[in-house]
Amino acid sequence: MQFMVSLDLSVVNVGLPKIAVALGFSPLGLTWVIHAYALTFGGLLLLGGKLADRFGRKRILLIGLGVFFVASLAGGFAQEPGQLVAARAAQGVGAAALAPAALALLSSTFPSGEARVKAFGVWAAMNAAGGALGVLIGGVLTEYAGWQWVMFLSAPMSAVAFALAWRGIAHDVPSAPAGRPDVLGAVLATAGMTLLVFGVVRTDRYGWSSARTLITLAVAVVLLAAFIVVERTTTRDPLIRLGLFANRAVAGANGYNFLLGAAMASSFFFVSLYLQGVLGHGPALTGLQFLPFALGVAVGSVIAIKLGYRVAPRVLLIGGGLMTAAGFAWFSGMSVHGSFLSDVLGPEIVASIGFGLCLGPVVSTATAGVDPTESGAASALLNSSRQVGASFGLAALSTAAEHRTGDVASLEAVNDGYRLGMSLGAALLIGAVLIAIVVLRRPGRVPASVDQSDLTRSPSVTIR
């Protein structure tokens, strides 16, 4: 399921030009094929995690898969722009339900020990492989089968996942709710997250200093601030307990994840544009050239499993972050007269292995020691930090690259913009490493800032 959700974030991108021609999208309208998925996925994640905790993770996961299946078929049969955008939005709704539920099930099934290290290593490999192979699969399907198949592809995948989940996952008993659901908090959080993602992704048309962007982001901040006030004072069952953030493992892992998502989303964007726009490669070949990234992440995930039996996740987060940053710094030397072998393959391998080293540990750290009744909320929070980080990173770094390029349309100027974007991605990863060093603690140390109620409810909590 995680492979499918990750793949669906990237599989459509390569086919956008042919989708525009086939359905008659305007340049502005075409962006909503991406934005519709991002908005519903990012905006509804916290609600999806809470529903999983309250009504049962397997139940919400199966509902999410059903929605995803129907939406994928509807997207493939779309005959006009509005139908495809609506289908992509529905896919985001399904993903927002199934992603936190699946991760919460994984966390509760493997609460500790070597099995947890291996489980999250496999999860990390599937997550990154889906994103990388999505570019390859999208390019091949678009060029040789038709754009419709980038939508149809998810239907059989979700059907198989549904059958496996139905038979292979035990029914979990949802925890007894602490009170009536916090409807106001759910509305405020969903509206605030949706507006936040909306304001960021629309910076491709309205700049960061435009009135539209500033007003949208200001309203989003107000809604999220109101959500925090409601969560602090409500007598109902809160959407997410703010005491989770007192756990430094949760707070630190989510901060790390935010910057990691920001850097990785922009890297896919810049490298894809470099291969097609500067080197002149076609969509299918570009997709094939992302295959070493998927293999590198798999290698990094296997190394993380082997090392995870002996070293703390904090060490892997630091080492993996530094290695990924080194790959990004190497990418910043891309030449307008370069080639895939000389300018892309080497840094792609280094960055992907580093990414594989840190992806599993950051997820494990963010969910370790969390009360079982809140594992869905913690999983949704982690997915939200990655999604919002990706939106912010892509918008901010692409704006910086465009500013560096300026009004000059030469390949040299465009390439300089891509190089700057990769350099800034390396800086974001260094920031993530600093979070791991400063915020995350070594095993065995429980900071005073941890809410003592957390320790009472979950005596085995370990801050890593």
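Coordinates for the structure precede this section.
Report follows, based on the coordinates. Throughout this description, residue numbers start from 1 for each chain and increase along the sequence as written. With pLDDT at 70 or above as the cut-off, local features in this predicted model cover only qualifying residues; side-chain atom pairs require 80 or more to be listed or tallied, and sums for whole chains, interfaces and linings still use all residues. The basis for the side-chain values is all heavy atoms of the structure; hydrogens and waters are excluded.

1. Quick notes on the overall build of the protein
Thinking step 1. When you go through the protein residue by residue, the secondary structure sums to 20 helices and zero strands.
Thinking step 2. By the compact-globule yardstick of 23 Å for 464 residues, the protein fits well, its C-alpha radius of gyration being 21 Å.
Thinking step 3. Along the first, second and third principal axes, the C-alpha atoms of the protein reach 60 × 50 × 45 Å.
Thinking step 4. Throughout this description, buried means an accessible area under 20% of the type-specific maximum (1.4 Å probe, protein chains only), exposed means over 50%, and partly exposed covers the range between. Out of the 464 residues in the protein, the part that is buried amounts to 55%.
Thinking step 5. The contacts in the protein between residues at least 6 apart in sequence include a share of 82% that link residues at least 24 apart.
Thinking step 6. With the model as given, the accessible surface of the protein reaches about 18500 Å², and the carbon-plus-sulfur share is 69%.
Thinking step 7. In this tally Asp and Glu are treated as negative and Lys and Arg as positive; neither His nor the chain ends contributes. Charged side chains are reduced to one point each, which is NZ for Lys, CZ for Arg, CG for Asp and CD for Glu. Across the protein, the 29 positively charged side chains and the 20 negatively charged ones have centroids separated by 9 Å. Numbering of helices and strands runs from the N terminus, with a helix taken as a DSSP run of H or I at least four residues long and a strand as a DSSP run of E at least two residues long. For a compact globule the rule gives 2.2 Å times the number of residues to the power 0.38, and the radius of gyration it is set against comes from C-alpha atoms. Residues count as neighbours in contact if any of their non-hydrogen atoms are within 4.5 Å of one another. Methods summary: accessible areas were calculated by the Shrake-Rupley approach with a probe of 1.4 Å, and residue burial reflects only the protein chains presented.

2. Looking at the environment of alanine 99
Thinking step 1. Relative to the assigned elements, alanine 99 resides in helix α6 (residues 81-109).
Thinking step 2. Overall, the relative accessible area of 1% leaves alanine 99 in the buried class.
Thinking step 3. C-alpha separation for the pair alanine 99 and glycine 64, spaced 35 residues apart in sequence, amounts to 8.4 Å.
Thinking step 4. Beyond its immediate chain neighbours, meaning those up to four positions away, alanine 99 contacts Phe41 and Asn383.

3. A closer look at a nonpolar patch on the surface
Thinking step 1. The grouping of Val299, Ile303, Leu307, Val311 and Val315 at the surface amounts to a nonpolar patch, some 330 Å² of accessible area in total.
Thinking step 2. Here the nonpolar patch takes three residues from helix α14 (residues 291-308), the largest share from any one element.
Thinking step 3. Its location among the elements puts valine 299 in helix α14.
Thinking step 4. Taking the relative accessible area as the measure of exposure, valine 299 reaches 42% and is therefore partly exposed. Patch membership is restricted to residues that have no salt bridge and whose relative accessible area is over 30%. Joining uses 9 Å for like charges and 5 Å for the nonpolar side chains Val, Leu, Ile, Met, Phe, Trp and Tyr. What counts as a salt bridge is simple: a side-chain nitrogen of Lys or Arg found within 4 Å of a carboxyl oxygen of Asp or Glu.

4. So, the nonpolar core
Thinking step 1. Residues Tyr256, Leu260, Phe328 and Phe355 are the most contacted members of the largest nonpolar core, which totals 57 residues.
Thinking step 2. If you list the elements that add at least two residues to this core, you get α6, α7 (113-144), α12 (248-278), α14, α15 (313-331), α17 (345-367), α18 (375-405) and α19 (411-438).
Thinking step 3. Looking at which element gives the most residues to this core, the answer is α12, with 11 residues.
Thinking step 4. For tyrosine 256, the contacting residues outside a window of four places in its chain are Leu317, Gly321, Cys358, Val362, Ala432, Val433, Ile435 and Ala436.
Thinking step 5. Each nonpolar core is a collection of buried residues, namely Ala, Val, Leu, Ile, Met, Phe, Trp, Tyr and Cys, held together in the definition by side-chain atoms within 4.5 Å. In this structure, Ala186, Leu196, Ala220 and Phe227 belong to the second largest nonpolar core, which totals 26 residues.

5. Quick notes on the environment of leucine 30
Thinking step 1. By the element assignment, leucine 30 lies in helix α3 (residues 27-30).
Thinking step 2. Classification of leucine 30 as buried rests on a relative accessible area of 14%.
Thinking step 3. Separated by 232 residues in the primary sequence, leucine 30 and alanine 262 have C-alpha atoms spaced 22 Å apart.
Thinking step 4. Setting aside anything within four residues of it in sequence, one finds leucine 30 in contact with Leu16, Ile19, Ala20 and Phe25.

6. Considerations on the side chain of aspartate 343
Thinking step 1. By the element assignment, aspartate 343 lies in helix α16 (residues 340-343).
Thinking step 2. The charged side chain of aspartate 343 is buried without a salt bridge, its nearest counter-charge being arginine 419 at 8.0 Å.
Thinking step 3. Think of a polar contact as two N or O atoms within 3.5 Å of one another; within protein, one of them needs to be a possible hydrogen donor and the other a possible acceptor, and neighboring residues in sequence only count if both atoms come from side chains. Looking at aspartate 343, its side chain comes within polar contact range of the side chain of serine 342, at 2.4 Å.
Thinking step 4. What aspartate 343 contacts, discounting residues up to four positions off in sequence, is Tyr274, Phe331, Gly333, Met334, Ser335 and Gly338.

7. A look at the pattern of salt bridges
Thinking step 1. Counting across every chain of the model gives three salt bridges.
Thinking step 2. Arginine 57 serves as the salt-bridge partner of aspartate 53, at 3.0 Å between the closest nitrogen and oxygen.
Thinking step 3. The residue arginine 419 makes a salt bridge to aspartate 416 at a minimum N-O spacing of 3.8 Å. Highlighted residues: arginine 419 and aspartate 416, both in helix α19, separated by three residues, approximately one helical turn.

8. A few points about helix α2 (residues 16-23)
Thinking step 1. Of the residues making up α2, those classed as buried are Leu16, Ile19, Ala20 and Leu23. In a view along the axis of α2, the buried residues occupy a sector of 100°, so they form one face of it. Structural note: α2 exposes Pro17 and Val21 on the side pointing more than 90 degrees away from its buried face.
Thinking step 2. Looking one or two places after α2, you find glycine 24, whose phi comes out positive at around 80°. Note that the arc is defined by the directions from the helix axis to the C-beta atoms.

9. Re the packing of aromatic side chains
Each aromatic ring pair is summarised here by two numbers: the centre-to-centre distance and the angle between the ring planes.
Thinking step 1. Aromatic pairing here means that ring centres of Phe, Tyr or Trp (its six-membered ring) are within 6.5 Å. Orientation follows from the plane angle: under 30 degrees is stacked, over 60 is edge-to-face, and everything else is tilted. One pass over the full model with this rule turns up 10 aromatic pairs.
Thinking step 2. An angle of 50° between the planes, with centres 5.7 Å apart, marks the rings of tyrosine 37 and phenylalanine 41 as tilted. Of this pair, tyrosine 37 and phenylalanine 41 are both found in helix α4 (residues 32-55), four residues apart, which corresponds to roughly one turn of the helix.
Thinking step 3. When its relative accessible area of 4% is taken as the criterion, phenylalanine 41 is described as buried.
Thinking step 4. Lysine 58 extends its terminal NZ or CZ atom over the ring of tryptophan 166, reaching a point 5.9 Å from the ring centre. Only when the NZ of Lys or the CZ of Arg is both within 6 Å of the ring centre and within 35 degrees of the ring normal is a charge said to sit over the ring.

10. Side note on the packing of helix α5 (residues 57-76) against helix α9 (residues 154-168)
Thinking step 1. At their nearest, the axes of α5 and α9 sit 8 Å apart, and the two run at 160° to each other. Our classification of the angle between α5 and α9 gives roughly antiparallel. By crossing handedness, the relation of α5 to α9 is classed as left-handed. Residues Lys58, Leu61, Leu62, Leu65, Gly66, Phe68, Phe69, Ser72 and Leu73 of α5 form the contact with α9, whose participating residues are Ser154, Ala155, Ser158, Ala159, Ala161, Phe162, Ala165 and Trp166.
Thinking step 2. A per-class count over the contact of α5 with α9 returns 12 nonpolar, four polar and one charged. For every element, the axis is a line fit to its C-alpha atoms; helices are fit only across the contacting stretch, and the angle between N-to-C directions ranges from 0 to 180 degrees. Angular relationships are summarised with four words: roughly parallel below 35 degrees, roughly antiparallel beyond 145, roughly perpendicular across 65 to 115, and oblique for the angles in between. Handedness of each helix crossing follows the sense of rotation of the near helix against the far helix: counterclockwise by less than a right angle gives left-handed, clockwise gives right-handed. Residue classes follow a fixed rule: Ala, Val, Leu, Ile, Met, Phe, Trp, Tyr, Cys and Pro count as nonpolar, while Asp, Glu, Lys and Arg count as charged, and any other residue, Gly among them, counts as polar.

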